[in-house]
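# Geometric and topological summary
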Amino acid sequence: MSTPKQKVGGGMTVREAGQKGGETVKKKYGPEFYEMIGRKGGEATKLAHGHEFYEQIGKKGGKKGGEATRDRYGPQFYEQIGQKGGQKVKALIEEGKKAAAAAAEREAENKKAS
């Protein structure tokens, strides 16, 4: 059974009423209230379902997100980001080599000066 979109008589929609109620609670209790009830809900879920529950939903979410990205962007997307990542790693390695060489050169100069 679905919730009607509008009250009888043309008043505000259920969504608008929910938003208005949420704003009222937010003004009355502040953000700490939401933190507190969220924490209580998380603790209750943890007690009821245990650690494995969070592992399962995490795996499902990751899989769904990966599939959605794959469907949205296709295989070329992964090729592009892989190449960008590889180029970034290559550049970082080169910077590291240059920095190490410069440090060794400075050390050698410091030894000569001593």
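Look above for the structure.
Throughout what follows, the structure given in this document is the object of discussion. For clarity, every value in this text was computed on a predicted model and none was experimentally measured. (Residues numbered from 1 in each chain as written. Predicted model: local features only at pLDDT ≥ 70, side-chain atom pairs only at ≥ 80, totals over all residues. Heavy atoms only, no water.)

## With respect to the packing of aromatic side chains
- Considering all chains together, one arrives at 5 aromatic pairs under this definition.
- Look at tyrosine 73 and phenylalanine 77: their rings are 4.6 Å apart centre to centre, the planes differ by 25 degrees, and that puts the pair in the stacked class.
- When its relative accessible area of 24% is taken as the criterion, phenylalanine 77 is described as partly exposed.
- On the basis of an interplanar angle of 75 degrees and a centroid distance of 5.3 Å, the ring pair of phenylalanine 77 and tyrosine 78 is categorised as edge-to-face.
- Looking at tyrosine 78, the relative accessible area reads 36%, which means it is partly exposed.
- Here the aromatic cluster, defined as three or more aromatic residues joined through ring pairs, consists of Tyr29, Phe33 and Tyr34. (Phe/Tyr/Trp six-rings, centres within 6.5 Å; stacked < 30°, edge-to-face > 60°. Buried < 20%, exposed > 50% of the residue type's maximum accessible area, 1.4 Å probe, protein only.)

## Regarding the packing of helix α1 (residues 14–29) against helix α2 (residues 31–49)
- Viewed as axis vectors pointing N to C, α1 and α2 meet at an angle of 105 degrees, and their least axial separation amounts to 6 Å. In terms of their interaxial angle, α1 and α2 are classed as roughly perpendicular. Of the residues in α2, those touching α1 at Gly22, Val25, Lys26 and Tyr29 are Pro31, Glu32, Phe33 and Tyr34.
- In terms of residue class, the contact of α1 with α2 is made up of 5 nonpolar, 1 polar and 2 charged. (Axes fitted to C-alpha atoms, helices over the stretch in contact; angles between N-to-C directions. Helix = DSSP H or I, 4+ residues; strand = E, 2+ residues; numbered from the N terminus. Parallel < 35°, antiparallel > 145°, perpendicular 65-115°, else oblique. Contact = heavy atoms within 4.5 Å. Nonpolar A, V, L, I, M, F, W, Y, C, P; charged D, E, K, R; others polar.)

## Focus on the pattern of salt bridges
- Applying the stated criterion across every chain, the model contains 2 salt bridges.
- Across the pair arginine 70 and aspartate 71 runs a salt bridge whose closest N-O atoms are separated by 3.1 Å.
- Among the residues examined, aspartate 71 registers a relative accessible area of 58% and is labelled exposed. (Salt bridge = Lys/Arg side-chain N within 4 Å of Asp/Glu carboxyl O.)

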